[in-house]
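Okay, here's what each chain looks like letter by letter:
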Amino acid sequence: FFKYHEYRTTRIRVPDYVSEYGAYTNSQNIKDARTLVLPYRPEDSYVESTNWGYWSLATVHSLLNKNNHVSFNLSNSDIENNLLLNLYALIDAGQTKWVGEAKRLGINYLLVRDDVLGTDIKKAPKLIDTKNIKRTLNTSADVSLVKSFGPWHLYKMREVSPHITFATGYHVIRDYSD
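Because the structure is a prediction, the values reported are computed rather than measured.

Reading guide: rules and limits
- Residues numbered from 1 in each chain as written.
- Predicted model: local features only at pLDDT ≥ 70, side-chain atom pairs only at ≥ 80, totals over all residues.
- Heavy atoms only, no water.
- Helix = DSSP H or I, 4+ residues; strand = E, 2+ residues; numbered from the N terminus.
- Buried < 20%, exposed > 50% of the residue type's maximum accessible area, 1.4 Å probe, protein only.
- Contact = heavy atoms within 4.5 Å.
- Areas by Shrake-Rupley, 256 points an atom, 1.4 Å probe, with all protein chains shown as cover.
- Phe/Tyr/Trp six-rings, centres within 6.5 Å; stacked < 30°, edge-to-face > 60°.
- Expected span 1.5 Å × (residues − 1).
- Core = buried A, V, L, I, M, F, W, Y, C linked by side-chain atoms within 4.5 Å.
- Pairing = 2+ DSSP bridges.
- Axes fitted to C-alpha atoms, helices over the stretch in contact; angles between N-to-C directions.
- Polar contact = N/O pair within 3.5 Å; in protein donor to acceptor, adjacent residues only side chain to side chain.

Side note on the overall build of the chain
Part 1 of the argument: Each helix and strand counted, the chain has five helices and nine strands in total.
Part 2 of the argument: By residue count, 42% of the 178 residues in the chain fall in the buried class.
Part 3 of the argument: Across the chain, the fraction of contacts at a sequence separation of at least 24, relative to all contacts at a separation of at least 6, is 69%.
Part 4 of the argument: Only carbon and sulfur atoms are counted for the fraction: they give 51% of the accessible area of the chain, which is about 10500 Å².

Remarks on the packing of aromatic side chains
Part 1 of the argument: Counted by the stated rule, this structure contains seven aromatic pairs.
Part 2 of the argument: A ring pair is formed by Tyr-21 and Phe-149, whose centres lie 5.5 Å apart and whose planes are at 85 degrees; its orientation type is edge-to-face. Of this pair, Tyr-21 sits in helix α1 (residues 16-27) while Phe-149 sits in strand β8 (residues 143-149), and the two are 128 residues apart along the sequence. Take Tyr-21 and Phe-149: they sit in the same class, and that class is buried.
Part 3 of the argument: With centroids separated by 5.0 Å and ring planes inclined at 75 degrees, the aromatic side chains of Tyr-40 and Phe-72 adopt a geometry described as edge-to-face. You can see Tyr-40 sitting in the loop between β3 (34-38) and β4 (48-49) and its partner Phe-72 sitting in the loop between β6 (68-70) and α3 (78-93), a full 32 residues away along the chain. Both residues of the pair, Tyr-40 and Phe-72, belong to the buried class.
Part 4 of the argument: Taken together, the ring pairs in this structure connect Tyr-17, Tyr-21, Tyr-24, Phe-149 and Trp-152 into an aromatic cluster.

Some remarks on α3
Count 3.6 residues to each turn of an α-helix, and residues three or four apart come out pointing the same way.
Part 1 of the argument: When the terminal C-alpha atoms of α3 are compared, their 22 Å separation across 16 residues agrees well with the 22 Å that a helix rising 1.5 Å per residue should span.
Part 2 of the argument: The set of residues buried in α3 consists of Glu-80, Asn-81, Leu-84, Leu-87, Tyr-88, Leu-90 and Ile-91.
Part 3 of the argument: Residues of α3 that are buried sit in contact with β3, β6, α4 (98-104), β7 (109-113) and α5 (131-138).

Regarding the nonpolar core
Part 1 of the argument: Within the largest apolar cluster, 22 residues are counted, with the highest numbers of intra-cluster contacts made by Leu-36, Trp-98, Ile-107 and Leu-110.
Part 2 of the argument: Counting only elements with at least two residues in this core, the list comes to β3, α3, α4, β7, α5 and β9 (152-157).
Part 3 of the argument: Of all the elements, α3 adds the most residues to this core, at five residues.
Part 4 of the argument: Not counting chain neighbours up to four residues away, the residues in contact with Trp-98 comprise Leu-87, Leu-90, Ile-91, Leu-110, Thr-136, Leu-137, Ser-140, Val-143 and Met-157.
Part 5 of the argument: In terms of nonpolar packing, the next biggest core, distinct from the first, is built from 13 residues, Tyr-17, Tyr-21, Trp-52 and Leu-154 among them.

Examining the sheet that holds β9
Strands pair in a sheet through their backbones, by hydrogen bonds, and they do so in one of two ways: parallel or antiparallel.
Part 1 of the argument: Taken together, five strands build an open sheet; the order of strands is β6-β3-β7-β9-β8 and the sheet is mixed. Where the open sheet ends on each side, the last strands, each with one partner, are β6 and β8. Pairwise comparison of adjacent strand axes, ignoring direction, gives a mean angle of 25 degrees for this sheet.
Part 2 of the argument: Bridge count between β8 and β9: six bridges; the pairing is antiparallel. In the sheet register, Val-143 faces β9, and the bridge partner there is Met-157.

Description of the side chain of Asn-76
Part 1 of the argument: Considering the arrangement of structural elements, one finds Asn-76 in the loop between β6 and α3.
Part 2 of the argument: On the basis of relative accessible area, Asn-76 is assigned to the buried category, the value being 15%.
Part 3 of the argument: Within polar-contact distance, the side chain of Asn-76 engages the backbone oxygen of Ser-71 at 2.8 Å.
Part 4 of the argument: A distance of 2.9 Å separates the side chain of Asn-76 from the side chain of Asn-81, its partner in a polar contact.

Some remarks on the pairing of β3
Part 1 of the argument: The element β3 is extensively covered by neighbouring structure, given that five of its five residues are classed as buried.
Part 2 of the argument: Judged by which residues are buried, β3 turns out to be covered on both faces: Arg-34, Leu-36 and Leu-38 on one side and Thr-35 and Val-37 on the other are all buried.
Part 3 of the argument: When β3 meets β6, the two strands line up parallel, connected through three bridges. Paired with Thr-35 across the bridge in β6 is His-69.
Part 4 of the argument: In this sheet, β7 lies alongside β3 in parallel orientation, the contact comprising four bridges. By the bridge assignment for β7, Leu-36 is matched with Leu-110.

Here it is in structure tokens:
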């Protein structure tokens, strides 16, 4: 293990709530659901960074289970990331039309994480404020808090039927030779 930056090291201790979230979502059979991961990191970075030391291009959630977690990331197309940026902005601003956009994208759950750090490597990391996000979700009749896992809060959308699907990272190649 080594310290590769003033605020970053390769040695971390994964908090219990991370494992609890993974176990819960795996046991609830929500593998076909789509969970929007919040907050968005405004530094236009694809890096996942937490106050417990996780720092990687792979989101923590992708390592916990096979559930469909939707977030701004490198494997999305530009169009997909732009749709997500719009949704993140609507939620953060508390605009009610976020609900329609979330339903259009087939979002079933929302995971708000209060342990996410800004990712500017030149500055001391600080937590991203989720106060506006939680106010929007807690005052909406279209979502309900399912369960909290330490600083992670899982909400469920009511009545979702997907209209837009996100492509996976896999490509289908056809063999036309006989």
